Amino acid sequence: MATSQVIRAGADIGGTFTDIALEVDGVLFSEKVLTDYEKPERAIVTGLKQAAAQAGIAPSQIGTVIHGTTLATNSLIERRGARTAFITSEGFRDVIEMRNEGRFEQYDLAIQLPAPLIARNHRFTVQGRLDAKGQELQPLDEAQVQDVIAQLRRGEYESVAVGLMHSYKNPVHEKRVRALIAQALPQLSVSISSEVSPQIREFERFNTVCANAYVKPLMSSYLQRLAQALLAEGMHCPLYLIHSGGGLMSLANAAEFPVRLLESGPAGGAIYASDFAAKYGQDKVVSFDMGGTTAKICLIDQHVPKTARVFEVARSYRFKKGSGMPISIPVIEMIEIGAGGGSIAHVDDMRQVRVGPESAGSEPGPASYGRGGARPTVTDADLLLHKLDPARFAGGSMRLDRPAAEQAMDAHVGQAQGLDAVRAAYAVAEVVDENMANAARMHAVESGQDLEAYTMIAYGGAAPLHAVRLCEKLGIQRLLIPTGAGVGSAIGFLRAPFAYESLRSSVMRMSQFDGEAVNQMLREMEVEVSAFLQDTGYGGETVKELRAFMRYCGQGWEIPVSVPVQHFGPDSVPALNAAFVQNYVALFGHAIDGLDIEVVSWALSLRSKTLPPAKAALQQGGTPQKGAGTVLDRREVFDGKQGQFYACDIYERLGLPRGQAVPGPVVIVEKETSTYVSPGFKVVLQSDDCMLVERIDSGV
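This section reports on the structure supplied with the text.

### Some points on the overall build of the protein chain
A tally of regular secondary structure across the protein chain gives 16 helices and 35 strands. By the compact-globule yardstick of 27 Å for 700 residues, the protein chain fits well, its C-alpha radius of gyration being 26 Å. Once the C-alpha set of the protein chain is aligned to its principal axes, its extents read approximately 75 × 65 × 55 Å. The buried share of the protein chain, reckoned over its 700 residues, is 59%. Within the protein chain, contacts between residues separated by at least 24 positions form 68% of all contacts whose residues are at least 6 apart in sequence. A total accessible area of about 27,500 Å² is found for the protein chain, and carbon and sulfur atoms account for 50% of it.

What follows is the structure, given as structure tokens:
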């Protein structure tokens, strides 16, 4: 095969499946293999080899591999990281435990705050202090640092996080602590907050550097093994990682700053959904990604995913803001809950059906996988409701065991509720769908949005089965199931730009604006982002963007304001003030007279220039015609809204009549997923094999 071909692969490790998307000169090939928990890189190599065989190429011909993973996130959620110590300024040992003193549930008298990532007996303090301007008030006590180093040696730690007060303004003390540790204990992995997250607010900054240190040994080891495994198969190609902000970074930078990978897989999915939103001109989109372990909801406005500087891992209390672990890095903002195909169902002490967050994963997997799982999962429920065909699951590569699913559902849900296995499966499906709908509502409310005005784009192995029911619950009228939806995040990796964003805090009132200080900081930030892009080997055209995070003096939080990249001086103040007021009024409806304005932080991003997708118009399909196209099969399928079985036509995706509406109920099967369209909706296959699902009745 000609060496001039462009061959790129995306590999996404999920909790249950590892997804592979291989693109050969624009033609996509995909594979799903069960995730290997012992050595995750083995599943990637297996999937790449299978996809290459499908494409008729040798693995050695792959020119680029782009990887995203939830391994770092799972490590934090399950507390399976390295033995980690935290060194901070004297008097601030308990910041990560005291949090910000907020209550995410005001009236819960038995509220349980999330435990800090690093226990108190693993936290150490040293004397030495900087003020808020970065000027030294008290020299670093190096003798005390040596005492801490002795304790680190005795404690046999694998990793150390260093977070000192006001180091975001001046890193001199943190860098000295790191140098002393490296001199005495060179084998220790060290992370400092002034490099990981140089932002104001010590709780978020300390928590972020602790998270980075906690997962760094695990992720460094894994990434090295992955690179070696690819080389062993003859893949001498660049390996890039997608970070939480949706850009590509080098292997070396990913190993140094693994906290940037926490939302890497979901970020790829948001890029995938944004690409289709732009293609079809959908300006308000909610993306719905449901895999084997988690479900993710993201708002996409004007074809751009919503972003944030801080996000929470593992919200523990009804998806409420403040109940998770805050991480301050640039991120595509989404809400993530433990609701996937492998999420385990049970009945609690109140005799209520609960689903997740515990997952059966791939080992042992759902009961119907026949790999030793004995507890019922969402996949088992979908099988019992006939939404899944046991002979066609995963393109026929796995045969599902319906009796095993029935036995597990009856034993763990049905008997406790006095229900047969099918009604118990109905209860499980409704609970998980309502959980996901509640998460979407919560995310929309926090963003001040009404989801009824949005189009849903669903992807991931389990999402197309549940998406229409979510649309019914949320009042959404239109749903898109793009091509390759079952491996959507992996495809999204192939659409991601090389990109990096630098965030730095420097609180400054507009009345005291120091343009030269801002210019110097921006020059340093430009060196940082340029170095990250250069490390990937990218040398093409780039796009530079600058945002200022501003507020009225006295306010507790700030809003992002896009500003032109420029040389700042005193004459820049009126334009900055005007831009802030315009954004503030757009958000809150009014300005506040008589208050000074201040900039808290700056964000400078650099990304490779990418071409927008070719535009296409959605075909509505005319009057729905039942039985049109090539019907593969027919079976009874349970509908959640109506609470009963319906005779349902079964199609392969390409068996649908192109451009012609087909009414529900139908199930559309394909290699990586299946889509259920309920009564009251129609489905239209578009020219690019994307499926448009729309409501044809007025009921909700």
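### A look at the pattern of salt bridges
The tally for this structure, following the rule as stated, stands at 41 salt bridges. The salt bridge partner of E174 is R205, with a shortest N-O separation of 4.0 Å. Here E174 is found in helix α5 (residues 172-184), whereas its partner R205 is found in helix α7 (residues 202-232), with 31 residues between them in sequence. Overall, the relative accessible area of 0% leaves E174 in the buried class. The class for R205 is buried, based on a relative accessible area of 2%.

### Looking at the sheet that holds strand β32 (residues 666-669)
As summarised here, the arrangement of the 4 strands in space is β29-β30-β32-β33, forming an open sheet in which the pairing is mixed. Edge positions in the sheet fall to β29 (633-639) and β33 (674-677), since each of these pairs with one other strand and no more. Taken over all neighbouring pairs, the strand axes of this sheet differ in orientation by 30° on average, direction set aside. In this sheet, strand β30 (residues 644-652) lies alongside β29 in antiparallel orientation, the contact comprising 7 bridges. For D633, the partnering residue across the bridge sits in β30 and is I650.

### Considerations on the pairing of strand β26 (residues 542-552)
Direction of pairing for β26 relative to strand β28 (residues 597-608): antiparallel, over a ladder of 11 bridges. Within β28, the residue paired with A548 across the bridge is W602.

### With respect to the environment of A85
Mapped onto the elements of the fold, A85 is located in strand β5 (residues 84-89). By relative accessible area, which is 0% here, A85 ends up buried. With residues near it in sequence (within four places) discarded, A85 still touches I118, H122, F124, L152, Y157, S159, V160 and A161.

### Thoughts on helix α16 (residues 573-588)
At 3.6 residues per turn, the α-helix brings residues three or four places apart onto the same side. With 16 residues, α16 ought to run about 22 Å at 1.5 Å a step, and its terminal C-alpha atoms sit 22 Å apart, in line with that. Of the residues making up α16, those classed as buried are V573, L576, A579, F580 and Y584. The buried residues of α16 occupy one face: seen down the axis, they fall within an arc of 135°. With respect to the buried face of α16, the exposed residues turned more than 90 degrees away are P574, A575, Q582 and A586. Contacts from the buried residues of α16 go to β26, β27 (559-563) and β28. Where α16 terminates, the next one or two residues include G589, which has phi positive at roughly 90°.

### Focus: helix α12 (residues 421-446)
In this model, α12 (26 residues) spans 38 Å end to end at C-alpha, consistent with the 38 Å of a helix rising 1.5 Å per residue. Its side-chain oxygen at 3.2 Å from the backbone nitrogen of V422, D420 defines the N-terminal cap of α12. Phi for G448, located one or two positions after α12, is positive at around 70°.

### Concerning the packing of helix α11 (residues 402-417) against α12
Taken N-terminus to C-terminus, the directions of α11 and α12 make an angle of 70°; their axes are 9 Å apart at the nearest point. When the axis of α11 is compared with that of α12, the two are roughly perpendicular. Residues E406, M409, V413 and G414 of α11 pack against A421, A424, A425 and V428 of α12. Partitioned by chemical class, the residues of the contact of α11 with α12 number 6 nonpolar, 1 polar and 1 charged.

Thresholds, definitions, all that
- Sequence order sets the numbering: in each chain, residues are counted from 1 along the sequence as written.
- Per-residue local features of the predicted model are confined to residues with pLDDT of at least 70, and side-chain atom pairs are confined, for both listing and counting, to 80 or more; whole-chain, interface and lining totals are unaffected and use all residues.
- No hydrogens and no water enter the side-chain calculation; it runs on all heavy atoms of the structure.
- Numbering goes from the N terminus for both helices and strands, where a helix is a DSSP run of H or I of at least four residues and a strand is a run of E of at least two.
- Only C-alpha atoms enter the radius of gyration, while the globule expectation follows 2.2 Å times N to the 0.38, with N the number of residues.
- Relative accessible area decides the class of each residue, using a 1.4 Å probe on protein chains only: under 20% of the type maximum gives buried, over 50% gives exposed, and in between gives partly exposed.
- Working rule for contacts: check all heavy atoms of both residues, and any pair within 4.5 Å makes them a contact.
- All accessibility values rest on the Shrake-Rupley procedure with a 1.4 Å probe; residue burial counts only the protein chains present in the view.
- For this analysis, a salt bridge means a side-chain nitrogen from Lys or Arg found within 4 Å of a carboxyl oxygen belonging to Asp or Glu.
- Two strands qualify as a pair provided that DSSP identifies no fewer than 2 bridges between them.
- As a rule, the C-alpha atoms of each element are fitted with a line to give its axis, helices using only the stretch in contact, and angles between N-to-C directions run from 0 to 180 degrees.
- Helix span, as expected, comes to 1.5 Å for every residue beyond the first.
- Regarding the arc, it is the one traced by the directions from the helix axis to the C-beta atoms.
- Contacts described as polar in this section are N or O atom pairs within 3.5 Å, which, within protein, must combine one atom able to donate a hydrogen with one able to accept it, while residues neighboring in sequence count only if both atoms come from side chains.
- The cut-offs work like this: below 35 degrees is roughly parallel, past 145 is roughly antiparallel, 65 to 115 is roughly perpendicular, and the gaps in between are oblique.
- Only Asp, Glu, Lys and Arg are considered charged, only Ala, Val, Leu, Ile, Met, Phe, Trp, Tyr, Cys and Pro nonpolar, and every remaining residue, Gly among them, polar.

Scope: geometric values only; no functional claims are made or implied.
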